[in-house]
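So you can see what is in the structure, the chains are spelled out below.
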Amino acid sequence: MAAAGAAATDLEVVRGKRAALFFAAVAILLGLPLWWKTTETYRASLPYSEISGLNALQLRLMVPVSVVFTGESVPLDDQEKLPFTVVHEREIPLKYKMKIKCRFQKAYRKTLVYEEEALSMGSIQEAEAMLAESQEQAEGSLTVYVISEHSSLLPQDMMSYIGPKRTAVVRGIMHREAFNIIGHRVIQAVQAMSLTEDVLAAALADHLPEDKWSSDKRRPLKSSLGYEITFSLLNPDPKSHDVHWDIQGAVRRYVQPFLNALSVTGNFSVDSQILYYAVLGVNPRFDPASSSYYLAAHSLPHVINPVESRLGSSAASLYPVLNFLLYVPELAHSPLYIQDKDGAPVATNAFHSPRWGGIMVYNVDPKAYNASELPVRVEVDMVRVMEVFLAQLRLLFGIAQPQVPPKCLFSRPKGEGLMTWELDRLLWARSVENLATATTTLTSLAQLLGKISNIVIKDDVASEVYRAVAAVQKAAEELASGHLASAFAASQEAVTSSERAFFDPSLLHLLYFPDDQKFAIYIPLFLPMAVPILLSLVKIFLESRKSWKKPEKTD
Amino acid sequence: MAAAVRLAALVLLLRGPGGWGRAEPPRDSLREELVITPLPSGDVAATFQFRTRWDSELQREEVSHYRLFPKALGQLISKYSLRELHLSLTQGFWRTRYWGPPFLQAPSGAELWVWFQDTVTDVDTSWKELSNVLSGIFCASLNFIDSTNTVTPTASFKPLGLANDTDHHFLRYAVLPREVVCTENLTPWKKLLPCSSKAGLSMLLKAERLFHTSYHSQAVHIRPICRNARCTSISWELRQTLSVVFDAFVTGQGKKDWSLFRMFSRTLTEPCPLASESRVYVDITSYSQDNETLEMNPPPLSTYQDVILGTQRTYAVYDLFDTAVINSSRNLNLQLKWRRPPENGYIHYQPAQDRLQPHLLEMLIQLPASSVTKVSIQFERALLKWTEYTPDPNHGFYVSPSVLSALVPSMVAAKPVDWEESPLFSSLFPVSDSSSYFLRLYTEPLLVNLPTPDFSMPYNVICLTCTVVAVCYGSFYNLLTRTFHIEEPRTGGLAKRLANLIRRARGVPPL
């Protein structure tokens, strides 16, 4: 009876142990993974290694240059020995994590018949017009014509000529070392027309460590898909001045051609407004000597802020806004002049603010006050105003004045006020800037996601990241093969996709979910469930150790 | 600047043969108007209207150039192809029973209704984007407008301006009753005015006074109107309206007198030079009935009579462009004075400030004999901050008793007594004259039951659920893993010995 009872108890004990082990097994094998799966944040996989690879990307910017020799430009035997292509590569020394190399790929060839004909014309303009008719040059490429030493196309003292399109003309030479000398001249002209260190440094100004020049380089607007240009006429004293401006005509005549030329780089929209009772933030000082008022150079930074609140942000788009203000000073403060750092009045009576726009002070002709009673009708001379604003517009778009090599004839731009190669140069700079921005954005996004594990990464965010990485790589490839237009398009896509991924609101959904609150919710459930399982596991473990030891003793 | 000089040569070449056409006459105009209406309850309503009219086809022109019309709104019209836009931001409620019918009432909070042009293909997307942009322009939470609070009325809200067809698919209407209107909404509204708040009627728009009122409603209405009598082309009209109702007691210390300075703490000094018309109208319909007692200062130069909202009304007109109105004293401070001295009575009211001071209402009233006087005060029950609740918040919150200090006429004339000689109980309050005695009464304190949130509900639910799960699980676990067997009796053991001691003491056989 007792034995049977003990056997039944033993059986019962074994069953209990099995049940406990089974519980533990279910809790560990089923419960834990289920809990883990249901509470984890969804994180789509991202190309982390490729993103970190982007930082070490080597940018090769290729400039295809075709050098065309006319018949008498170099000695005949040199012409026979012309190599097919020569690559001239140099690294641009910038303190930036990306290595940027500039490659001038020069393809040499002889003139074709129509080119020969064109280059024998009387003047350089005619020759150029004829050459431009017959062929279309790709964005970013350059053509240099080497003409004979005694050609009358250029004035005798000039060695080279830089045209408004993508062409340059270099005078040849009959010399034993002709080839080297000409090669040097070609490189000089080509460098003036295409990438230089300055251009790239300005493009990467935001990504480079600060130095003393950086504030000057940060003047141009950041690259964007589009720009809004707003002309505002500020009339703080409508009781004395009744100001009229023909902004519609001025925009049509001067601004629109310039913007049409620039339209490759983005969308532009132009509008204008008149603001009354809008005053500058600084009280002008009176100068008794000239009985005029002046704004000192050091007070100019304070001028903009109070005006800015009246300008109003653009309601219709998210593009950056460039403001151009024409300020007609009130009667009590006129005439008003802007002084530079040395105290001399600025000739244009205007100044600009980096990445913001420009302000011009327009003084009313004092004779007008004698003739009639207040308010005086003022017609703004738009030519005077627009030449200042257009110059500022060039500066703010980062179109710097070119550095002309010595003994070089330099042509003025045609109607639109922009040379084609200047536009190309802008495209190079913008592409590099876009690539740098996209890389930085992607890197910071990857860092952020690595650091904070609570962030949800949705599939569409991940696909944007993939698209951005692919676009960066494509842009780099296109740059290396010299296709500027498609490289620029790809770099814009890279920026757009990377920013869309970075600013996606779904990243923030679960961000605030601190650990202590999580445990406050889990503990009431987990503690009572885990304690019996753990205790019985410990008990089973101790008993089994005892039962292992027992047989040893009997031996 | 060097570049500027160099570029000069270049631009001069560009000058076309056309030269400059004379600038055409301005195609936009501004009218401003202020109507002051004394309300039947004694409050004063002031309604500003600024109307900018622009003779331009906004949708057709590519480059947009603005003069008086604000650029921000003009861009909206062309970008979202709007036909009409009506936005109002209101604080308070127009009490028609006391104040009479309003010129243009608006619901409390924010109201936006928009007619789109029939060229718009996706009205809902445009509506969503438009409300977001407007929320940025007016600093209001219009971005909370979504499909859950947007409706398309089919019968009401017909276009107020020119309209060929009224297909209600292009109408959207939304109200946000919770929107709180404040200075931050007024500032962008003022910025849309051509004269900003520097000249003209808009000088009176001082935020701290405008929001110290019983009713404040500011609105923007954009609609197309006929340019001329034959309606051959379209002009755009922007009306900015602002109505406020000043509490007569706060501004006038219980008198019916009012003046511009007392209401707005400003006076009018000059008209807006850009406006073609700048006028102040004062409703004197009720004054002309008993004109012996009331006086307008300065006296109006002209009056205007019309039937407004079904009743014949008379307005005193002050034209700010009329040199006689302003030049006499360099500023215009409209005043209304009562010639008759005010009745005997005194009301002092000091409003509460949250967490700083309580309300104080003192009234000095002469009560007629054997009458009942009721003084009632409305409470608004509000939620406190959660740390401010007492440990037993469901008990309620006390409002201190009100005090009634009365000088009651005595039935019997008391004889004058010597202060020092009389018993102490009769000489607590000093009595000046013997025909009345002083009495101070207190009412019961009021226990107000404030709404109380359940502070720990979510955590309680979690804990309760977990406990239930844990108890079920625990017993289940025990049942399955424990082995139940009969314990063999054991000798010894402290418990058994103790039990045996007790048993022995009770005379029961030990275990």
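All of these numbers come straight from a predicted model, not from anything done at the bench.

1. As for the sheet that holds strand β4 (residues 142–147) of chain A
Strand pairing in a sheet takes place through backbone hydrogen bonds and is either antiparallel or parallel in direction. Residues and elements named next belong to chain A. Spatial strand order, β2-β3-β1-β4-β6-β5-β17: seven strands in an open sheet with mixed pairing. Each of the sheet's edge strands pairs with one partner strand only, and the pair in question is β2 (85–91) and β17 (408–410). Between one strand and the next, the sheet's axes are offset by a mean angle of 20°, whatever the strand orientation. Pairing between strand β1 (residues 58–69) and β4: five bridges, direction parallel. Looking at β4, one finds that Val 67 is bridged to Val 144. Against the sheet, helix α13 (residues 420–451) contacts β1, β3 (99–110), β5 (160–162) and β17, and its axis sits at roughly 165° relative to β1.

2. So, the domain arrangement of chain A
Quite often, the size of an interface is put as the accessible area lost when its parts meet. Assigned domains within chain A: domain 1 (60–202) and domain 2 (226–397). Taken over C-alpha atoms, the centre of domain 1 of chain A sits 42 Å from the centre of domain 2 of chain A.

3. Here's the deal with the confidence of the model for chain B
Residue and element names in this part refer to chain B. Overall, the predicted model of chain B reaches an average pLDDT of 81, with 85% of residues at or above 70. Low pLDDT (under 50) marks residues 1–23, which in the prediction has 39 contacts with non-local residues, meaning those over four places away or in another chain. Interface scoring of the predicted complex returns ipTM 0.75; its pTM is 0.75.

4. Here's the deal with the nonpolar core
Counting residues in each nonpolar core, the largest one holds 75 residues, and the members touching the most others are Ile 36, Phe 116, Val 282 and Leu 334 of chain B. Looking at this core, the element that brings in the most residues is helix α4 (residues 123–138) of chain B, giving seven residues. In contact with Ile 36 of chain B, other than residues within four places in its own chain, are Val 44, Ala 45, Ala 46, Trp 258, Leu 260, Met 263, Val 280, Tyr 281, Val 282, Asp 283 and Leu 334 of chain B. The next biggest cluster of nonpolar side chains, apart from the first, holds 71 residues, and it includes Tyr 96, Val 170, Leu 204 and Leu 484 of chain A.

5. Regarding the pairing of strand β14 (residues 311–319) of chain B
Two faces, one strand: in a regular strand the side chains alternate between the faces of the sheet. Residues and elements named next belong to chain B. Summarising the sheet, strand β11 (residues 277–283) and β14 pair through five bridges and their orientation is antiparallel. Bridge pairing links Val 282 to Ala 316 in β14. Across seven bridges, the pairing between strand β13 (residues 302–308) and β14 is antiparallel. Following the sheet pairing, Ser 302 is matched in β14 by Val 317. What sits between the antiparallel neighbours β13 and β14 is a turn of two residues, in which Leu 309 has the positive phi angle 50°.

The rules behind these values
- Residues numbered from 1 in each chain as written.
- Chains lettered and ligands numbered in written order.
- Predicted model: local features only at pLDDT ≥ 70, side-chain atom pairs only at ≥ 80, totals over all residues.
- Heavy atoms only, no water.
- Pairing = 2+ DSSP bridges.
- Helix = DSSP H or I, 4+ residues; strand = E, 2+ residues; numbered from the N terminus.
- Axes fitted to C-alpha atoms, helices over the stretch in contact; angles between N-to-C directions.
- Contact = heavy atoms within 4.5 Å.
- Domains from an automatic or database assignment.
- pLDDT = per-residue confidence, 0-100.
- Core = buried A, V, L, I, M, F, W, Y, C linked by side-chain atoms within 4.5 Å.
- Buried < 20%, exposed > 50% of the residue type's maximum accessible area, 1.4 Å probe, protein only.

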